[in-house]
Amino acid sequence: RYMEFEHFRRDDDWALGIIRDSLNMESGTELQRLGREARDECLRELKSKGLSIRQIERLTGISRGVIYNA
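A. Looking closely at the side chain of Thr 60. Within the secondary structure, Thr 60 sits in helix α4 (residues 53-60). Residue class for Thr 60 comes out buried when judged on its relative accessible area of 0%. Looking at Thr 60, its side chain comes within polar contact range of the main-chain oxygen of Ile 56, at 2.7 Å. A distance of 3.1 Å separates a polar atom in the side chain of Thr 60 from the backbone nitrogen of Ile 62. Excluding its chain neighbours within four sequence positions, the residues that come into contact with Thr 60 are Gly 28, Thr 29, Leu 31, Gln 32 and Ile 67.

B. Summary view of the nonpolar core. One finds Leu 23, Leu 31, Leu 43 and Leu 46 to be the most contacted residues of the largest nonpolar core, which totals 15 residues. Contributing elements (two or more residues each) for this core: α2 (12-23), α3 (36-48) and α4. Among residues more than four places away in sequence, those in contact with Leu 43 are Leu 31, Ile 56, Ile 62, Val 66, Ile 67 and Ala 70.

Criteria and thresholds
Residues numbered from 1 in each chain as written. Predicted model: local features only at pLDDT ≥ 70, side-chain atom pairs only at ≥ 80, totals over all residues. Heavy atoms only, no water. Helix = DSSP H or I, 4+ residues; strand = E, 2+ residues; numbered from the N terminus. Buried < 20%, exposed > 50% of the residue type's maximum accessible area, 1.4 Å probe, protein only. Polar contact = N/O pair within 3.5 Å; in protein donor to acceptor, adjacent residues only side chain to side chain. Contact = heavy atoms within 4.5 Å. Core = buried A, V, L, I, M, F, W, Y, C linked by side-chain atoms within 4.5 Å.

Written out as structure tokens, the structure reads:
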């Protein structure tokens, strides 16, 4: 049963690939330099691609509350 779950796990390497491909950014921390509207749009994009709020927080350094409200 554990092996089945592991097969579908989306790790940080996968998430960084989404950030690079979808947002054309080398690292998630680049989001911190964007204006609020652009940042929130990018955060919504990442959430729509399947990244969890905690994963986005970990990779971008942006707080969970900001990500949740984006």
